[in-house]
Amino acid sequence: MRKITYLLSAIVLFFTITSTAQNAIDALDDTIDAAETIRVNAQKGKRALRTLIVDYVVNNNDTPNITSYMTSINQRMGVVEEYSDEVNYFIWQAEQANSNIDGSDIYDLASDIEGTEDYVLNNSNALKVAIEQGNRQTAEQLISTIKSNLNFIIASAKTIKTEAEALKSTPQLYTVRILLQDEQSGYPVSPGTLPGYYAINQDTGAIVYPDLYSQDGNIFNNLPAGTYRFDAYDGYFDGASSQIVTLNNSLVGADGVIEVTLNYWSE
């Protein structure tokens, strides 16, 4: 159910927010920031619980300010829930930017956090009832459980930060689209005009080819970072210039693709 909620949230965000495509590092940084927000708010919830514990358990006050605690914990857990969705959204963006990234562990941790946040609220509501009814034994058991819940959220948020930081070293993959423009007029020419395209990795000498299923045979998928010479096969009386490009995030367009334009010539 949590994964379904996340997917729906991601779809809504995709269609309602106008933004340029993030690169993987930026998305992972946003994942880390969201996890830190979760940690901070769970820690603040824990401080509110500690204040209640001192008043109720240490000072043996049977009428502690449970209303203040409930206000604080509801506010903090609301933020935790919101930023659990943010973690899911940003790790999804990282995966879209770099297909080498596997965010499954982070999805699971965010889902666990969101589920535990529900436990905190449910147990806090039960705690309020127990205190108001004078059931001290139940109240103290619930306090211990809530403390454990909050510690779990804090630890999970820290793990998300560690996982996301580690994913920054995942090799970046790029998608390249070859475009043609007439060398005389500068007007665009359909990439399907020429027989095909290829690229040569300038560091390794490896030859790579476009996706067989791209409509005009001009899309290179999952290219590792590096410097490539992009070239075209000549037609009967036409062809195109080559271009050497070093793939990097600054070249990525709003649709997540790097466009390389070759000059088309014909006799």
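Attention here is on the structure that accompanies the text. (Residues numbered from 1 in each chain as written. Predicted model: local features only at pLDDT ≥ 70, side-chain atom pairs only at ≥ 80, totals over all residues. Heavy atoms only, no water.)

To continue, consider the sheet that holds strand β4 (residues 207-208). Within a sheet, each strand pairs with its neighbour through backbone hydrogen bonds, oriented either parallel or antiparallel. Here four strands make up an open sheet; going across it, the order is β4-β3-β6-β8 and the pairing antiparallel. In this open sheet, the two strands that pair with only one neighbour each are β4 and β8 (243-246). Examined bridge by bridge, strand β3 (residues 197-201) and β4 share two bridges and lie antiparallel to one another. Bridged to Ala199 within β4 is Val208. (Pairing = 2+ DSSP bridges. Helix = DSSP H or I, 4+ residues; strand = E, 2+ residues; numbered from the N terminus.)

Judged by nonpolar contacts, the single largest core of 43 residues is most densely connected at Tyr69, Ile73, Met77, Leu127 and Ile153. Of all the secondary structure elements, the ones that give two or more residues to this core are α2 (24-58), α3 (66-97), α4 (104-132) and α5 (136-167). Broken down by element, this core gets its largest block of residues, twelve residues, from α2. When residues no more than four places from it in sequence are discounted, the contact partners of Ile73 are Gly45, Val120, Leu121, Ser124 and Leu150. Tyr174, Val176, Tyr197 and Leu247 belong to the second largest nonpolar core, which has 20 residues in total. (Core = buried A, V, L, I, M, F, W, Y, C linked by side-chain atoms within 4.5 Å. Buried < 20%, exposed > 50% of the residue type's maximum accessible area, 1.4 Å probe, protein only. Contact = heavy atoms within 4.5 Å.)

Okay, a nonpolar patch on the surface next. A grouping of Val54, Val57 and Val58 is seen on the molecular surface, where their side chains present a nonpolar patch of about 230 Å² in accessible area. Looking at the element boundaries, Val57 is found in helix α2. For Val57, a relative accessible area of 34% translates into the label partly exposed. (Patch = residues over 30% accessible without salt bridge, like charges linked within 9 Å, V, L, I, M, F, W, Y side chains within 5 Å. Areas by Shrake-Rupley, 256 points an atom, 1.4 Å probe, with all protein chains shown as cover. Salt bridge = Lys/Arg side-chain N within 4 Å of Asp/Glu carboxyl O.)

Turning our eyes to something else, we now look at a positive patch on the surface. On the surface, Lys44, Arg47, Arg50 and Lys147 cluster together to form a positively charged patch. With three residues, α2 is the single largest residue contributor to the positive patch. Within the secondary structure layout, Arg47 lies in helix α2. (Lys, Arg positive; Asp, Glu negative; His and termini not counted. Charge placed at Lys NZ, Arg CZ, Asp CG, Glu CD.)

Let us now look at the packing of α3 against α5. Where α3 contacts α5, the axes come no closer than 13 Å and their chain directions differ by 25°. As the angle between them shows, α3 and α5 are arranged roughly parallel. Helix-helix and strand crossings are classified by hand; for α3 and α5 the assignment is left-handed. When α3 is examined against α5, the residues Tyr69, Ile73, Met77, Val80, Val87 and Ile91 are found in contact with a partner set consisting of Ile146, Leu150, Ile153, Ile160 and Leu167. For the contact of α3 with α5, the class distribution of residues is eleven nonpolar, no polar and no charged. (Axes fitted to C-alpha atoms, helices over the stretch in contact; angles between N-to-C directions. Parallel < 35°, antiparallel > 145°, perpendicular 65-115°, else oblique. Left-handed = near helix turned anticlockwise from the far one by under 90°. Nonpolar A, V, L, I, M, F, W, Y, C, P; charged D, E, K, R; others polar.)

Right, let's get into the pattern of salt bridges. Tallied over the full model, the rule gives ten salt bridges. The residue Arg136 makes a salt bridge to Asp62 at a minimum N-O spacing of 2.5 Å. Of the two residues, Arg136 is situated in helix α5 and Asp62 in the loop between α2 and α3; the sequence distance between them amounts to 74 residues. Taken together, the salt bridges that share partners define one network made up of Asp29, Glu165 and Lys168.

Take the packing of α4 against α5 next. Two numbers describe how α4 lies on α5: the axes approach to 9 Å, and their chain directions differ by 160°. As judged from the angle between their axes, α4 and α5 are roughly antiparallel. Taken as a pair, α4 and α5 cross one another with a handedness that is left-handed. Looking at the contact of α4 with α5 residue by residue, the classes come out as 21 nonpolar, eight polar and four charged.

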